[in-house]
Amino acid sequence: MAIALVLVLVVVGSVLFHFLSPWWWTPIASNWDYIDHTIIITFWITGVVFAAVVLFMAYCVFRFRHREGSRAAYEPENKRLEWWLTVITGVGVTALLVPGLFVWSRFVNVPSDATEVEVIGQQWQWSFRLPGKDGKLGTSDTRDITAENPLGVIPGDPNGQDDVVVEAADLHLPIGKPVKMVLRSVDVLHDFYIPEFRAKMDMIPGSVTYFWFTPTRTGTFQVLCAELCGQGHPLMHGVVMVDTEQDYLAWLGQQQTFAQLSAPQKTGSADQATASGLNVAAKLETVEAR
Amino acid sequence: MVDITPADAVPPAEVAEMELYHPHSWWTKYVFSQDAKVIAIQYSATATAIGFVALSLSWLMRLQLGFPGTFDFITPEAYYQFITMHGMIMVIYLLTALFLGGFGNYLIPLMVGARDMVFPYVNMLSYWIYLLAVLVLVSSFFAPGGPTGAGWTLYPPQAIMTGTPGGQDWGIILMLASLILFIIGFTMGGLNYVVTVLQARTRGMTMMRLPLTVWGIFTATVMALLAFPALFVACVMMLLDRVLGTSFFMPAIVEMGEQLQHNGGSPILFQHLFWFFGHPEVYIVALPAFGIVSDLISTHARKNIFGYRMMVWAIVGIGALSFVVWAHHMYVSGMHPYFGFFFATTTLIIAIPTAIKVYNWVLTLWRGDIHLTIPMLFALAFIVTFVNGGLTGLFLGNVVVDVPLSDTMFVVAHFHMVMGVAPILVILGAIYHWYPKVTGRMLDETLGRFHFWVTFLGAYLIFFPMHYLGLIGIPRRYAELTDMTIMTESAHHLNSFISIMAFIVGFAQMVFLFNLIWSIRHGREAGGNPWRATTLEWQTPQTPPAHGNFGKDLPIVYRWAYDYSVPGAKEDFIPQNVPGNFGLSKEPA
């Protein structure tokens, strides 16, 4: 008997927890409120099914519990009922799938006016590259990576000379402009993830992956790595700042291009050289200190 | 509809009975035994022992997550080793081994009316190779560098690189070797289960009269035989990458400033191979649970399972569909995004046969005569947790909804609910149900009820709130949940609460272990058929069943496994081996 009551409490408790608990998603900062909407649709449909099934069970346990002399009914099948339930389930599933696939097609089709921004993951830091005045990112190759060329931009590619290199530092993005994040890794799998943007994608050494979004509010957002990448995984934080157009251009003006960085008297990126070498402990210390 | 075989119309025996192997010494009877029942107990005991190791590891990781910075010995390195070993042990060495090697070995011959598995010697080898696999796995705790910390998915390149614990030490090598051994051992057992079900059923036991337990285990075994080879080749290839320096999964890599000698491999190929095995694996664990819980509900509600034929086709359909959904684990892996359309569709379609099973379980309760025994309580708890975990699967299966939730605690909560808690609740219910047959004694009722309530409510309180940590965006596999802007004070409190619940639920399992051992001698005597069940294992002349299971003559089956509460019949159950159409049995045909 207690079990019938507990089943009811499980449903009531779960629903109350859902609506009253303080744990909910972060305020959104991108155009992907479509995704939030599909999550809400899914919560409603699955919530109703969960409550219905468990409450029905609770009723059965209460109503048909064993009593002296009681006997179960004998009904092996009920074709009509079984087909009806199948059809209703099919309708529910379709109601989830159709909006889901609709939003997915938006997610994977990048608008033509999106600016490319390259993210490079390595154990355990983030670097970025922006196309220069030509609007094109130069090609890159892991084999070209050296202490002086940490992102592996192919030195002979003219498109790469004016690329802006942001090594192990914050990325800034202008508000309201769609960006295509082009994702690379030089060592293991990583995943570029900002909870407020709702989007994420793995980065695979040897491949280039992508996702796109439009920042919709200014602010500072923490980048997390969402794919296990070794011991330093939980420390692999980064920062993306969404600026007004003006602030963004001011920041961009201070950055250095690939050509400037590869000039003989280079000024930046000195700490990369110190962090090189296969010493995990030293590397972890550098990451932790940051 | 009426399909009762009249006593005078039993099909004749097609072949003479095979001579059964008879052990001659204590060693061949109890240690190197070829009796499926002994092998089943060996499998179960080994799986339970290694399962308690996994339980202890989960405590250690919950200590770290619930009380960060308090326990210095849990370094990030150790934490990743704990989660990796916990995950791999639970999925492979506990759940797969216990359902198939344990329950499969014990129940298949008894339930289909056979004297033993068809290849008893190979069956014995299967166990000993499994034991070897477990020992190799455990040895990695003592190897230089400790066990691998690559996560149970073992994704390369990090699995075999310096930045991952065990990557360039022995850890990953021992893990891969252990998996390879496990698969070899499993294949020997698996072929046995399949051939026994197909070839050794007793007279009158048609496929459509098999108890759903057998259908679940049978289908899961067929799937495992098809799915494990993908893991096998993935392990061999990674072993070659690690030991011989090949580049199956290794592209050009710069590791902490140094160019590695790999080139041209594909990390994502491993993911495809892994999940081609890994997704069916979910159902390899789930289908036996589906089958067993159907029989528990039917027996303890004294009512035939509702929609038997639909249940069989749902099991087979889920089994088949589960081979075309694997990439839903890879929506944000960087595979071609258009795959998402296909895999989201197949994944949501699989919800339909799964839902049918749930409906049929609860409709079996409808107008039943529900005895709230401990197995029944566990079955009810299974339905709650399985429905909960199945429904959150609709979030993660629906490609775009998966994007924000993937790799967060939501995923951890989902798969623990659906393939951790739910199948384990079935295992526990099944142990309370069949323990009297295995030992001749009942498990203690008071301890059992305590165990049930703490396990069910505790596990729900662990994993239900955990979904909401994932909804905030808190990633999984973080050894330290500090310095994160989304990690609020209240989220830390929730984590501490979850950890405390985990300790309590773990403690209840110790009580259960005590009950298992104590009741062997002190439990109430059970008799041959304490639950008044219809299936053949309850109709054996001796309890526990002797070598050869059924005495001089094998039972003959006259009816399906679900003749409970047949109108007009005197008792509320008619065993499968009882002839005659009394009452109005309406076995579906």
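Residues numbered from 1 in each chain as written. Chains lettered and ligands numbered in written order. Predicted model: local features only at pLDDT ≥ 70, side-chain atom pairs only at ≥ 80, totals over all residues.

By the naming in an unreviewed UniProt entry, chain A is cytochrome-c oxidase, taken from Mesorhizobium abyssinicae. Taken verbatim from the UniProt record of chain A, the Sequence similarities (unreviewed entry) comment is "Belongs to the cytochrome c oxidase subunit 2 family." Under the UniProt heading Catalytic activity (unreviewed entry), the note attached to chain A is "4 Fe(II)-[cytochrome c] + O2 + 8 H(+)(in) = 4 Fe(III)-[cytochrome c] + 2 H2O + 4 H(+)(out)". (UniProt positions renumbered as here; feature names shortened; annotations may be inferred.)

Colleague: Is there a simple way to explain the overall build of chain B in this structure?
Modeller: Regarding its fold elements, chain B presents 15 helices and 2 strands. Against the globule reference of 25 Å for 589 residues, chain B gives a C-alpha radius of gyration of 24 Å, in line with a compact fold. Over its C-alpha atoms, taken along the principal directions, chain B stretches across nearly 80 × 50 × 50 Å. Counting every position in chain B, which comprises 589 residues, the buried fraction comes to 63%. Of the contacts formed within chain B by residues at least 6 apart in sequence, a portion of 80% connects residues at least 24 apart. (Helix = DSSP H or I, 4+ residues; strand = E, 2+ residues; numbered from the N terminus. Rg over C-alpha atoms; globule rule 2.2 N^0.38 Å. Buried ≥ 20, exposed ≤ 12 C-beta atoms within 10 Å, placed from the backbone. Contact = placed C-beta atoms within 7 Å.)

Colleague: Would you explain the sheet that holds strand 9 (residues 219–225) of chain A in this entry?
Modeller: Paired through backbone hydrogen bonds, the strands of a sheet run either parallel or antiparallel to each other. Residue and element names in this part refer to chain A. The 5 strands lie next to each other as 4-10-9-6-7, forming an open sheet whose pairing is mixed. Where the open sheet ends on each side, the last strands, each with one partner, are strand 4 (171–174) and strand 7 (200–203). Mean inter-strand twist for the sheet, computed between neighbouring axes without regard to direction, equals 25°. Pairing of strand 4 with strand 10 (residues 238–243) involves 4 bridges; the strand directions are parallel. Within the sheet, the bridge partner assigned to proline 174 lies in strand 10 and is aspartate 243. (Pairing = 2+ DSSP bridges. Axes fitted to C-alpha atoms, helices over the stretch in contact; angles between N-to-C directions.)

Colleague: Even after reading the chapter, I still don't get the UniProt feature "transmembrane region" (unreviewed entry) in chain A, so can you show me in this structure?
Modeller: Residue and element names in this part refer to chain A. When the UniProt feature table is mapped to this numbering, "transmembrane region" (unreviewed entry) covers residues 41–62 and 83–104. The span residues 41–62 is 100% helix and 0% strand, and its two end C-alpha atoms sit 32 Å from each other. A distance of 31 Å separates the end C-alpha atoms of residues 83–104, which is 100% helix and 0% strand.

Colleague: I tried to follow the UniProt feature "domain: Cytochrome oxidase subunit II copper A binding" (unreviewed entry) in chain A on my own but got confused; where do I start?
Modeller: This chain's UniProt record puts "domain: Cytochrome oxidase subunit II copper A binding" (unreviewed entry) on residues 112–254 of chain A. The span residues 112–254 of chain A carries 10% helix and 38% strand; its end-to-end C-alpha distance comes to 28 Å.

Colleague: It is not clear to me how the sheet that holds strand 1 (residues 115–122) of chain A should be interpreted in this structure. Could you clarify?
Modeller: All names here are of chain A. Taken together, the 6 strands give an open sheet; going across it, the order is 8-5-1-2-3-11, and neighbouring strands pair in mixed fashion. The open sheet has two free edges, formed respectively by strand 8 (209–213) and strand 11 (256–257), since each of these has just one partner strand. In the sheet, strand 2 (residues 125–130) pairs with strand 3 (residues 164–166) via 3 bridges, with the strands oriented antiparallel. Residue phenylalanine 128 lies in a different strand from strand 3, and its bridge partner there is valine 166.

Colleague: I keep staring at the interface of chain A and chain B and nothing clicks. Help me out?
Modeller: How large an interface is tends to be reported as the accessible area lost when its parts come together. The interface is formed by 88 residues belonging to chain A together with 99 residues belonging to chain B. At the level of elements, helix 1 (2–20), helix 2 (33–63), helix 3 (79–108), strand 6 (190–193), strand 7, strand 9 and helix 8 (280–289) of chain A are the ones that each hand at least two residues to the side of chain A that touches chain B. The greatest single-element share of the side of chain A that touches chain B, amounting to 14 residues, is contributed by helix 3 of chain A.

Colleague: Can you help me understand the nonpolar core in this one?
Modeller: As a rule of thumb, soluble globular proteins bury nonpolar side chains together. Counting 289 residues, the largest nonpolar core has Met57(A), Phe378(B) and Ile383(B) as its most contacted members. Each of domain 1 (2–65 + 78–108) and domain 2 (115–265 + 280–289) of chain A contributes no fewer than three residues to this core. Residues in contact with Met57(A), not counting those within four places in the same chain, are Leu7(A), Val362(B), Leu365(B), Leu380(B) and Ile383(B). (Core = buried A, V, L, I, M, F, W, Y, C linked by C-beta atoms within 7 Å. Domains from an automatic or database assignment.)

Colleague: In this structure, what is going on with the confidence of the model for chain A? I would like to understand it.
Modeller: A low pLDDT score tells you not to read the predicted coordinates there in detail. Summarising the model, chain A shows a mean pLDDT of 91, and 94% of its residues fall at 70 or more. Confidence over residues 266–276 of chain A falls short of pLDDT 50; this stretch has 17 contacts with residues more than four positions distant or in other chains. (pLDDT = per-residue confidence, 0-100.)

Colleague: Would you mind going over the pairing of strand 10 of chain A with me for this structure?
Modeller: Note on strand geometry: in a regular strand, side chains alternate between the two faces of the sheet. All names here are of chain A. Residues Gly238, Val240 and Val242 line the buried face of strand 10, whereas the alternating positions Val239, Met241 and Asp243 sit on a face that is not buried. Inspection of the sheet shows strand 9 paired to strand 10 by 5 bridges, in the antiparallel sense. Across the sheet, phenylalanine 221 pairs through a bridge with valine 240, a residue of strand 10.

Colleague: Got a minute to help me understand unusual backbone geometry in this structure?
Modeller: With the exception of glycine, most residues fall at negative phi, and the peptide bonds are largely trans. The residue after Pro156(B), namely Pro157(B), is reached through a cis peptide bond having omega 0°. As for its position among the elements, Pro157(B) is in the loop between helix 4 (120–139) and helix 5 (171–199). Between Thr543(B) and Pro544(B) the backbone carries a cis peptide bond, its omega angle lying at -5°. Position of Pro544(B) among the secondary structure elements: in the segment after helix 15 (489–522). Despite not being glycine, Arg198(A) has its phi angle at roughly 70°, a positive value. In this fold, Arg198(A) is placed in the loop between strand 6 and strand 7.

Colleague: Just to check I follow, could you spell out the packing of helix 7 (residues 267–300) of chain B against helix 10 (residues 351–365) of chain B for this structure?
Modeller: Two quantities define a packed helix pair, namely the angle between the axes and the distance from one axis to the other. Residue and element names in this part refer to chain B. Running from N to C, helix 7 and helix 10 cross one another at 15°; their axes reach a closest spacing of 9 Å. By the angle class used here, helix 7 and helix 10 are roughly parallel. Remark: the crossing between helix 7 and helix 10 carries left-handed chirality. Taking contact as the criterion, the partners of Phe290, Val293, Ser294, Ile297 and Ser298 in helix 7 are, on helix 10, Lys357, Trp361, Thr364 and Leu365. Its residues assigned to classes, the contact of helix 7 with helix 10 comprises 5 nonpolar, 3 polar and 1 charged. (Parallel < 35°, antiparallel > 145°, perpendicular 65-115°, else oblique. Left-handed = near helix turned anticlockwise from the far one by under 90°. Nonpolar A, V, L, I, M, F, W, Y, C, P; charged D, E, K, R; others polar.)

Colleague: Help me out: how do you make sense of the domain arrangement of chain A in this one?
Modeller: Residue and element names in this part refer to chain A. You can read the domains of chain A as domain 1 (2–65 + 78–108) and domain 2 (115–265 + 280–289). The C-alpha-based centres of domain 1 and domain 2 are spaced at 38 Å. Taken together, the contacts link 8 residues of domain 1 with 13 residues of domain 2. Split into classes, the residues belonging to the side of domain 1 that touches domain 2 amount to 5 nonpolar, 3 polar and no charged.

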